[in-house]
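Examination of the molecular architecture
Read off the chains here:
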Amino acid sequence: MAAPMMLALRGVPCLCRPVSRRLSHSAAFLEAAARRGLFKDVFPAESGPTRLYELLGSGPQTAYCGFDPTADSLHVGNLLAVLGLIHFHRAGHNVIAVIGGATGRLGDPSGRGREREALRPEALAGNIRGIRGCLERLFGNCEALVPGGRPGGTVTILDNEQWYRHRGAADFLASVGRHFRMGPMLSRHSAQSRLGSPEGMSLSEFLYPLFQAYDFYYLHRNRNCTIQLGGTDQLGNIMSGHDFIQRVTGEEVFGVTVPLVTNTAGDKLGKSAGNAIWLNRDRTSPFELYQFFVRQPDSAVGRFLKLFTFIPLPEIERIMEQHQAEPERRLPQKRLAAEVTKIVHGNGGLESAKRCTQALYQSSVEALDKMSDRELQELFREAPFTEVLLEPGTRVMDLCLKVSAVPEGARGYEMISSGGLSINHRKVTNPDEVLVPGQHILQNGLSLLRVGKKNFYVVKWLHL
């Protein structure tokens, strides 16, 4: 008999049921995801885990998760939901990522103390493009990086604007709104907290659950979608969709939540909290993403290895055991950072993060020599970036004045001669020293100046 599938979820005893040999691969993937803690709750709580188990054991299913385009990138707080979809996909199921081109204009009030600012049409369109590209990259990277997935599952990215575009407000409220009751909507925590605040709550925010519920209904009717994924803060919206579908069709659907990602103080990571770690390179570089995860404390790293990576659970146990013996090496943090960076930015992104790490923290000239101007700008985001034409006889002092690294006159000479300047991690004390390619100028045509401890200047040389 094939190995049983187990869904171990909070407040729900471990469920063991035999599955057919044909579906054992699917069972193994989803069992592993549940054991990782990636699937936190199933709705409805009473019968959901058992019935969902039976549904998943009956053949390929379709699961979806929505992402409102309130920025032009997803962030680490969204990553677990995407990874939840990927676990379903690698188990042979169909997954749909829905970009909220329509719902993003309303603003989800869940977990928010005030209403989102309205987006201009051009900003909304740019956000949709950014999130679509981010999703495509994540799915593509995981397809290449995570071996052993079961073939057959499909990945679809949709914009919910397409099914609202031709629906009038009166028609929507008459056909959808009549199935919702004010009492339950008013009793929701998001409504209660906002209605009691000085700012109050707009009608568009109040009606947001109707639209998310209709998304689930539309996908159920048109894509045979039976499972909605979301963060634990989305449980109320997921419940609305479940109740609406049951009321209208009498058919059974399910909600699955994934944990919210918090920092060491327990605060949610995301746009609303102002501490988002973004998944698009223009906002958070591969180096910055890598460093975020490599700095995770021992208290979090074991859990994050289970949640954010596809490393087999026995291997994670071995990594953590080795960490107990050699905590100073921080092996779990480095492995976590490497795996997440590969998922988000691919192997190339990981190599970029390692080069930047070596160049900054290990003063590696070799790593610096291999960096692109983009990587240097990402590494030193606050540093001025200047393009300079190299002329014969250009001195160290000439360069420093061109990029405004030191003041003119005796003060500038003193700063250099007293050891306050380094070029490409090499201290330079002679202001009249002539620049030499291969020494002051790297093979990639770049120079990195540092004045004092924290003032960096990036130079790109022209016509070498």
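Rules and cut-offs
Residues numbered from 1 in each chain as written. Predicted model: local features only at pLDDT ≥ 70, side-chain atom pairs only at ≥ 80, totals over all residues. Heavy atoms only, no water. UniProt positions renumbered as here; feature names shortened; annotations may be inferred. Axes fitted to C-alpha atoms, helices over the stretch in contact; angles between N-to-C directions. Helix = DSSP H or I, 4+ residues; strand = E, 2+ residues; numbered from the N terminus. Parallel < 35°, antiparallel > 145°, perpendicular 65-115°, else oblique. Left-handed = near helix turned anticlockwise from the far one by under 90°. Contact = heavy atoms within 4.5 Å. Nonpolar A, V, L, I, M, F, W, Y, C, P; charged D, E, K, R; others polar. pLDDT = per-residue confidence, 0-100. Phe/Tyr/Trp six-rings, centres within 6.5 Å; stacked < 30°, edge-to-face > 60°. Buried < 20%, exposed > 50% of the residue type's maximum accessible area, 1.4 Å probe, protein only. Pairing = 2+ DSSP bridges. Polar contact = N/O pair within 3.5 Å; in protein donor to acceptor, adjacent residues only side chain to side chain. Patch = residues over 30% accessible without salt bridge, like charges linked within 9 Å, V, L, I, M, F, W, Y side chains within 5 Å. Areas by Shrake-Rupley, 256 points an atom, 1.4 Å probe, with all protein chains shown as cover. Salt bridge = Lys/Arg side-chain N within 4 Å of Asp/Glu carboxyl O.

Per an unreviewed UniProt entry, the protein is named Tyrosine--tRNA ligase, and its organism is Xenopus tropicalis. You can read under Subcellular location (unreviewed entry) in the UniProt record for the protein the words "Mitochondrion matrix". If you open the UniProt record of the protein and go to Function (unreviewed entry), you find "Catalyzes the attachment of tyrosine to tRNA(Tyr) in a two-step reaction: tyrosine is first activated by ATP to form Tyr-AMP and then transferred to the acceptor end of tRNA(Tyr)."

With their axes 8 Å apart at the nearest point, helix α10 (residues 208-223) and helix α11 (residues 235-249) run at an angle of 55° to one another. Considering their axes alone, α10 and α11 lie oblique with respect to each other. The chirality of how α10 crosses α11 is right-handed. Of α11, the residues touching α10 (which contributes Tyr 208, Pro 209, Gln 212, Ala 213, Tyr 214, Phe 216, Tyr 217, His 220 and Arg 221) are Asn 237, Ile 238, Ser 240, Gly 241, His 242, Phe 244, Ile 245, Val 248 and Thr 249. Across the contact of α10 with α11, the residue classes tally to 10 nonpolar, seven polar and one charged.

Confidence in the prediction for the protein averages 87 pLDDT; 88% of positions are at 70 or higher. Segment residues 1-24 is flagged for pLDDT under 50; beyond a separation of four residues in sequence, or across chains, it makes 57 contacts in the model.

Before going further, it helps to examine the packing of aromatic side chains. In this structure the tally under the stated criterion is 18 aromatic pairs. The interplanar angle of 50° and the centroid separation of 5.3 Å between the aromatic rings of Tyr 164 and Phe 211 together place this pair among those described as tilted. Linking Tyr 164 in helix α5 (residues 161-164) with Phe 211 in helix α10, this pair joins segments that are 47 residues apart in sequence. The class of Tyr 164 is buried, set by a relative accessible area of 9%. Judged by centre distance (5.7 Å) and plane angle (50°), the ring pair of Tyr 164 and Tyr 214 falls under tilted. Within this pair, whereas Tyr 164 is found in helix α5, its partner Tyr 214 is found in helix α10, the two being separated by 50 residues in sequence.

Before going further, it helps to spend a moment on the sheet that holds strand β12 (residues 446-451). The strand order across the open sheet built from five strands is β9-β13-β12-β10-β11, with neighbouring strands paired in mixed fashion. On the outer flanks of this sheet lie β9 (385-389) and β11 (426-427), each paired with one strand and no other. Two elements, β12 and strand β13 (residues 455-462), share six bridges in a ladder whose sense is antiparallel. From the neighbouring strand, Leu 446 faces β13, where its bridge partner is Lys 460.

With respect to the secondary-structure elements, His 323 resides in helix α14 (residues 313-325). Side chain to side chain, His 323 and Asp 298 meet in a polar contact 3.0 Å long. Not counting the four nearest positions on each side in its chain, His 323 is found in contact with Asp 298, Arg 330, Leu 331, Pro 332 and Gln 333.

Turning to the sheet that holds strand β7 (residues 227-231), a few remarks are in order. Strands sit in the order β3-β8-β7-β4-β5-β6 across an open sheet of six strands; the sheet is mixed. Bordering the open sheet on either side are β3 (41-43) and β6 (155-159), each of which pairs with just one other strand. Here the average twist between neighbouring strands, direction ignored, is 25°. With six bridges joining them, strand β4 (residues 62-67) and strand β5 (residues 94-99) adopt parallel strand pairing. Opposite Gly 66, over in β5, you have Val 98 as the bridge partner. The sheet contacts of helix α2 (residues 48-57) involve β3, β7 and β8 (254-258), and relative to β8 the element is tilted by about 105°. Along the sheet, helix α3 (residues 76-90) makes contact with β4, β5, β6, β7 and β8, crossing β4 at roughly 165°.

What follows is about a nonpolar patch on the surface. Residues Met 182, Leu 186 and Leu 195 make up a contiguous nonpolar surface patch of roughly 270 Å² in combined accessible area. Relative to the elements of secondary structure, Met 182 occurs in helix α7 (residues 182-187).

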